[in-house]
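Remarks on the overall topology
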Amino acid sequence: LLRYSARKRWQVSSLRYLLMSRKPVPDAQVNNCPLCGKRFHLPVRARHHCRACGRVVCAACSGNQIHLGTSSGKQRVCDPCFEIQKHVPSASLHEDFDLTNQVEASLKADLKVKFEQSEWCKAFLTMLVQSTPSEGEAKGAAIVMPNNAEVSELIVQARRSWNAAHVSLAQEEQETARLSSEWETIELECRQIASASQERARLVENMERDLKDRDNAEERTQELELKTKELEEELDGLKQRMRA
C-alpha cells in the first residue's frame, strides 16, 4: 500500500513536470483555439500562451492563474491545466488518506495478533515457572496456541529447553546435596581431629609438669642425701669421742 501511494504521487508529479516542461507553441502555427475551436483575430480574440503546457489558447479558455513554482507570482494557464492543478492534488490526497487508513487497519490487525501471541507466551512461561514439567505440559495444552507456525516452533523449543533446564537443575540439586553431605562429614572429622589435638596438648602439658616436678624431686633427694651424709659423719665423730 505504501509503495502504491508513493507511485501515485510520483505519477502526479510526473504529469505536472510534463505539462510545465513543454515548450511554448509559436503563435504563427496556431490559427484556431485548440480548446473551443474559435479563430484568432485581433482585437476581438487574441492569442495567449498557457504557462503550464505551452499551448496557444484564447482568453476565454485561459482565464485562470495559478502558482507554477517557476516564479513568485501567478501565471496564466489554460482551463485543462487549471483543472489538473486543482483537482489532481485533491484526488491524490483523498487517495493517500484511504491508503493510510488501510495501512493503519492492517498494522492494527498485525499488532493485535502479535499482542495475543505475546500474551500466550507470557502466560505459558509464567505457568512453566510455577509448575513441574509434567504439570506445565498438561496446563500448556489447555491454553489456546496462536495460529502461527513460527511462534509454535519457538514454543516447542522453549518447552524442550525448559525441560532440559529442569533436568539439569535436578541433577545440580542432587550434586549439591551430595557435596553438602561430604562437607558435613569432613567438618565432623575436623572437629574430632581438633578435639584429639587439644587432648594431646593437655597430655604434653601434664608431661612437662611431671618432668619439672621430677627435677625438683631429684634436687631434694640430693639435698637429703648430703644432709644424711653429714649427720652420719657427726654421729661417727660422737661415737669416737665416747670411746675415748
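Just so it is clear, the model here is predicted, and its values are computed rather than measured. Here, residues in each chain are numbered from 1, in the same order as that chain's written sequence. Given that the model is predicted, a residue must reach a pLDDT of at least 70 before its local features are reported, and side-chain atom pairs must reach 80 or more before they are shown or counted; all residues, however, enter totals for whole chains, interfaces and linings. With hydrogens and water excluded, all non-hydrogen atoms of the structure serve as input to the side-chain values.

1. Re the overall build of the protein chain
- Only runs of H or I of at least four residues qualify as helices and only runs of E of at least two qualify as strands under DSSP, and these elements are numbered from the N terminus. Each helix and strand counted, the protein chain has 4 helices and 4 strands in total.
- Starting at the N terminus, the α and β elements of the protein chain follow one another as α-β-β-β-β-α-α-α.
- Contact criterion: two residues are considered in contact whenever any of their non-hydrogen atoms come within 4.5 Å of each other. At a minimum sequence separation of 6, the contacts of the protein chain that also span at least 24 residues come to 47%.

2. Section: the nonpolar core
- To form a nonpolar core, buried Ala, Val, Leu, Ile, Met, Phe, Trp, Tyr and Cys residues must be joined to one another through side-chain atoms within 4.5 Å. Think of it in three bands: residues with accessible area under 20% of the maximum for their type are buried, residues over 50% are exposed, and the middle band is partly exposed, with areas taken using a 1.4 Å probe on protein chains only. The biggest cluster of nonpolar side chains holds 16 residues, and the ones touching the most others in it are Cys33, Phe40, Cys50, Ala52, Val77, Cys78 and Cys81.
- Of all elements in the fold, only strand 2 (56–57) and helix 2 (79–129) reach the threshold of two or more residues within this core.
- In contact with Cys33, not counting residues within four places along its chain, are Lys38, Phe40, Val57, Cys58 and Cys61.

3. Some words on the environment of Val57
- By the element assignment, Val57 lies in strand 2.
- According to the relative accessible area criterion, Val57 is buried, its value standing at 0%.
- Separated by 22 residues in sequence, Val57 and Asp79 have C-alpha atoms that sit 9.6 Å apart.
- When residues no more than four places from it in sequence are discounted, the contact partners of Val57 are Cys33, Pro34, Leu35, Phe40, Ala46, Arg47, His48, Ser62 and Cys78.

4. Quick word on the side chain of Ser62
- Locating Ser62 in the fold gives a position in the loop between strand 2 and strand 3 (64–66).
- When near neighbours in sequence (up to four residues on either side) are disregarded, Ser62 contacts His48, Val57, Arg76, Val77, Cys78 and Asp79.

5. Some details on the confidence of the model for the protein chain
- Chain-level pLDDT for the protein chain is 75 on average; 73% of the residues reach the 70-or-more range.
- For every residue, the predictor assigns a confidence score, pLDDT, that lies between 0 and 100. Here helix 1 (residues 2–21) stands out as the least confident element of the protein chain, with mean pLDDT 47; strand 2 is the most confident, with 92.
- Ignoring residues within four places in sequence, the model shows residues 1–15, a span with pLDDT below 50, making 14 contacts including any to other chains.

6. Concerning the pattern of salt bridges
- We define a salt bridge as a contact between a side-chain nitrogen of Lys or Arg and a carboxyl oxygen of Asp or Glu at a distance within 4 Å. Scanning the model with the defined rule gives 5 salt bridges in all.
- A cluster of three or more residues bridged by salt bridges with shared partners is formed by Glu175, Arg178 and Glu182.

7. Quick notes on the state of the cysteines
- We call a pair of cysteine sulfur atoms a disulfide whenever their separation is within 2.5 Å. This model, assessed by the stated rule, comprises 0 disulfides.
- Here Cys33 is not cross-linked by a disulfide; its sulfur's nearest cysteine counterpart is in Cys58, at 3.6 Å.
- Residue classification places Cys33 among the buried residues on the basis of a relative accessible area of 2%.
- The thiol of Cys53 is not disulfide-bonded; the next cysteine sulfur, from Cys50, is found 3.5 Å away.
- Looking at Cys53, the relative accessible area reads 1%, which means it is buried.

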